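Breakdown of the fold
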Amino acid sequence: MPKQKIRIKLKSFDHKLLDQSAQQIVAAVEATGAVVVGPVPLPTRIQKYSVIRSTFIDKDSQEQFEIRTHKRLIDIVETTSKTIDSLAKLNLPSGVEIDIKL
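Residues numbered from 1 in each chain as written. Predicted model: local features only at pLDDT ≥ 70, side-chain atom pairs only at ≥ 80, totals over all residues. Heavy atoms only, no water.

Observations concerning the overall build of the protein chain
Helix and strand counts for the protein chain come out as 2 helices and 4 strands. For the protein chain, the sequential pattern of α-helices and β-strands runs β-α-β-β-α-β. Along the three orthogonal principal directions, the C-alpha set of the protein chain runs to about 70 × 25 × 15 Å. Counted over contacts in the protein chain with a minimum sequence separation of 6, partners at least 24 positions apart contribute 75%. Element-wise, carbon and sulfur atoms account for 52% of the exposed surface of the protein chain, whose accessible area totals about 7,300 Å². When the 16 positive and 12 negative side-chain charges of the protein chain are each reduced to one mean point, those points stand 5 Å apart. (Helix = DSSP H or I, 4+ residues; strand = E, 2+ residues; numbered from the N terminus. Contact = heavy atoms within 4.5 Å. Areas by Shrake-Rupley, 256 points an atom, 1.4 Å probe, with all protein chains shown as cover. Lys, Arg positive; Asp, Glu negative; His and termini not counted. Charge placed at Lys NZ, Arg CZ, Asp CG, Glu CD.)

Some points on the pattern of salt bridges
Tallied over the entire structure, the rule returns 3 salt bridges. The shortest N-O distance in the salt bridge between E66 and R68 comes to 2.8 Å. Judged by its relative accessible area of 40%, E66 falls in the partly exposed class. Taking the relative accessible area as the measure of exposure, R68 reaches 38% and is therefore partly exposed. (Salt bridge = Lys/Arg side-chain N within 4 Å of Asp/Glu carboxyl O. Buried < 20%, exposed > 50% of the residue type's maximum accessible area, 1.4 Å probe, protein only.)

Listed below in structure tokens is the structure:
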């Protein structure tokens, strides 16, 4: 059977929550004996918005808001059936988007 590679991408607005989730995934996968590469921090996506404060006269007065999306990448190189089972049993917090590709 050829070696199977699993790529996990994590996204979140909160970087502390994201790092905790990544550490939890790495600990669970390493306990099964698989080889883990990462977590690799990917570039943060920053969306900026300017909103006019007043609707009528003060167009020069604006408020700025931004949304930061933090991303991490984890590669699992040498997987076993125990590795996939442990990934399925993980209980990760809400607020972290997980994308798993085999």
